[in-house]
Amino acid sequence: MAHHKSAQKRIRRNETRRRINHSRISRVRTFVRKVEDAIVSGNRDAAREALQLAQPEIHRGVTRGVMHRNTAARRISKLARRINAMPV
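Residues numbered from 1 in each chain as written. Predicted model: local features only at pLDDT ≥ 70, side-chain atom pairs only at ≥ 80, totals over all residues. Heavy atoms only, no water.

J.: Just to check I follow, could you spell out the environment of Leu79 for this structure?
T.: Within the fold, Leu79 resides in helix α3 (residues 69-84). The spatial distance from the C-alpha of Leu79 to the C-alpha of Val35 is 7.6 Å, given a sequence separation of 44 residues. Not counting the four nearest positions on each side in its chain, Leu79 is found in contact with Val32, Val35, Glu36, Ile39 and Leu51. (Helix = DSSP H or I, 4+ residues; strand = E, 2+ residues; numbered from the N terminus. Contact = heavy atoms within 4.5 Å.)

Set out below in structure tokens:
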């Protein structure tokens, strides 16, 4: 356990930030999962709509610092490629 006041405050602050970041990451994963479920179901229109909703959430994760911008771009690109490869 920390002995200095500043170290104790740092521990409290780190735990608060961890919880906030975890909820943000979880939110992004949920939106990505909805896109993947739509792709698996074979519904191209639903997959496109889900991707339209997921893109701002993924970019918001970048803005908030829970995801690197290249990671976000790669995930969006990967989902878009999978949707475009679906039969019409």
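J.: Got a minute to help me understand a positive patch on the surface in this structure?
T.: A contiguous patch of positive charge on the surface is contributed by Arg29, Arg33, Arg74, Arg75, Lys78, Arg81 and Arg82. Among the elements of the structure, α1 (5-41) and α3 are those that each provide at least two residues to the positive patch. With five residues, the single largest contributor to the positive patch is α3. Residue position: Arg29 is located in helix α1. (Patch = residues over 30% accessible without salt bridge, like charges linked within 9 Å, V, L, I, M, F, W, Y side chains within 5 Å. Areas by Shrake-Rupley, 256 points an atom, 1.4 Å probe, with all protein chains shown as cover. Salt bridge = Lys/Arg side-chain N within 4 Å of Asp/Glu carboxyl O. Lys, Arg positive; Asp, Glu negative; His and termini not counted. Charge placed at Lys NZ, Arg CZ, Asp CG, Glu CD.)

J.: Where do I start with the side chain of Arg44 in this structure?
T.: Relative to the helices and strands, Arg44 resides in helix α2 (residues 44-64). An unpaired buried charge is present at Arg44: no salt bridge exists, and Asp45, the closest side chain of opposite charge, is 6.4 Å distant. (Buried < 20%, exposed > 50% of the residue type's maximum accessible area, 1.4 Å probe, protein only.)

J.: Can you walk me through α2 in this structure?
T.: Three- or four-residue spacings in an α-helix give side chains the same orientation, since the helix completes a turn every 3.6 residues. Taking 1.5 Å per residue as the helical rise, α2 with its 21 residues ought to reach 30 Å, and the 30 Å between its terminal C-alpha atoms agrees with that figure. The sharpest bend along α2 measures roughly 25 degrees and falls at Ala54, with the proline Pro56 sitting one to four residues further on. Along α2, the residues classified as buried are Arg44, Ala47, Ala50, Leu51, Ala54, Glu57, Ile58 and Gly61. Elements that come into contact with the buried residues of α2 comprise α1 and α3. Near the N-terminus of α2, the side chain that reaches the backbone nitrogen of Asp45, with its oxygen 3.4 Å away, is that of Asn43. Following α2 by one or two positions, Gly65 has its phi on the positive side, about 90 degrees. (Expected span 1.5 Å × (residues − 1). Bend = angle between axes of the 7 residues up to and from the residue. Polar contact = N/O pair within 3.5 Å; in protein donor to acceptor, adjacent residues only side chain to side chain.)

J.: What should I look at first to understand the packing of α2 against α3 in this one?
T.: For any two helices packed against each other, one specifies the inter-axial angle together with the distance between the axes. Two elements in contact, α2 and α3, have axes whose closest approach is 10 Å; the angle formed by their N-to-C orientations is 175 degrees. On the basis of their axis angle, the class for α2 and α3 is roughly antiparallel. Every residue of α3 that contacts α2 at Arg44, Ala47, Arg48, Leu51, Gln55, Ile58, His59 and Val62 is listed here: Arg69, Ala72, Ile76, Leu79, Ala80, Ile83 and Asn84. Across the contact of α2 with α3, the residue classes break down as nine nonpolar, three polar and three charged. (Axes fitted to C-alpha atoms, helices over the stretch in contact; angles between N-to-C directions. Parallel < 35°, antiparallel > 145°, perpendicular 65-115°, else oblique. Nonpolar A, V, L, I, M, F, W, Y, C, P; charged D, E, K, R; others polar.)

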